[in-house]
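Below are the chains, spelled out letter by letter.
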Amino acid sequence: QVQLVESGGGLVQAGGSLRLSCAASGRTFSSYAMGWFRQAPGKERGFVAAISRNGARYYADSVKGRFTISRDNAKNMVYLQMNNLKPKDTAVYYCAACSNYNYYYGSSYDYWGQGTQVTVSS
């Protein structure tokens, strides 16, 4: 069992930055790939970024060059650094843990956090 708690969301102006954090419980954190997804009002939840067990990173095209995912296995933490934020990045952001290798699909993830709201004003 893995419990995930996100933090770091908030209101920021376009062009600004935020860093989301996700704290994971459990001693098996390093055995999971970790991902971030987001869901805007009226839209389906979509893939943002993922980091594999050995640190390989994967990004949605819409965030490449602006967002960076990282993990700290010693602290059971995963982060999403978001730079040059745009109004279209406004969404609830979710952290998730994946025990397989299909990082881009939400159905591949076993555990989810409750989400943190990110709002980008123009």
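Residues numbered from 1 in each chain as written. Predicted model: local features only at pLDDT ≥ 70, side-chain atom pairs only at ≥ 80, totals over all residues. Heavy atoms only, no water.

Enquirer: Whenever I open this one, the overall build of the protein confuses me. Can you help?
Expert: A count of helical and extended segments in the protein gives 0 helices and 11 strands. Listing each helix as α and each strand as β along the protein from the N terminus yields β-β-β-β-β-β-β-β-β-β-β. Along the first, second and third principal axes, the C-alpha set of the protein runs to 40 × 25 × 25 Å. Expressed as a percentage of the 122 residues in the protein, the buried residues total 46%. Element-wise, carbon and sulfur atoms account for 46% of the exposed surface of the protein, whose accessible area totals about 6,200 Å². Looking at charge distribution, the protein has the averaged site of its 13 positive side-chain charges lying 5 Å from that of its 6 negative ones. (Helix = DSSP H or I, 4+ residues; strand = E, 2+ residues; numbered from the N terminus. Buried < 20%, exposed > 50% of the residue type's maximum accessible area, 1.4 Å probe, protein only. Areas by Shrake-Rupley, 256 points an atom, 1.4 Å probe, with all protein chains shown as cover. Lys, Arg positive; Asp, Glu negative; His and termini not counted. Charge placed at Lys NZ, Arg CZ, Asp CG, Glu CD.)

Enquirer: What should I look at first to understand the nonpolar core in this one?
Expert: Generally speaking, a soluble globular protein has its nonpolar side chains buried in company with each other. Counting 38 residues, the largest nonpolar core has M34, W36, L80, M82 and Y93 as the members making the most contacts within it. At the level of secondary structure, the elements contributing two or more residues to this core comprise β3 (18-24), β4 (33-39), β5 (46-51), β7 (67-72), β8 (77-82), β9 (91-98) and β11 (116-121). Here this core takes 6 residues from β9, the largest share from any one element. Beyond its immediate chain neighbours, meaning those up to four positions away, M82 contacts G16, S17, L18, L20, R66, F67, Y93 and V118. (Core = buried A, V, L, I, M, F, W, Y, C linked by side-chain atoms within 4.5 Å. Contact = heavy atoms within 4.5 Å.)

Enquirer: Would you mind showing me how to read the environment of L80 here?
Expert: Looking at where L80 falls in the secondary structure, it is placed in strand β8. Separated by 53 residues in the primary sequence, L80 and R27 place their C-alpha atoms 22 Å from one another. Once residues lying within four places of it in the same chain are set aside, the contact partners of L80 are L18, R19, L20, W36, V48, A49, F67, T68, I69 and Y93.

Enquirer: Honestly, the packing of aromatic side chains in this entry has me stumped. Any pointers?
Expert: By convention here, two paired aromatic rings are described through the distance between centres and the angle between planes. Counted by the stated rule, this structure contains 10 aromatic pairs. The rings of F37, F47, Y58, Y94, Y101, Y103, Y104, Y109 and W112 are connected pair by pair, giving a single aromatic cluster. Its guanidinium or amino end placed over the ring of W112, R45 lies 3.8 Å from that ring's centre, counting from NZ or CZ. Taking the ring centre of Y101 as reference, the NZ or CZ of R53 above it sits at 4.7 Å. (Phe/Tyr/Trp six-rings, centres within 6.5 Å; stacked < 30°, edge-to-face > 60°. Lys NZ or Arg CZ within 6 Å of the ring centre and 35° of its normal.)

Enquirer: What's the story with unusual backbone geometry in this structure? I'm lost.
Expert: Comment: phi is negative for the bulk of residues other than glycine, and the bulk of peptide bonds are trans. Notably, N76 is not glycine yet its phi reads approximately 55 degrees, a positive angle. Relative to the helices and strands, N76 resides in the loop between β7 and β8.

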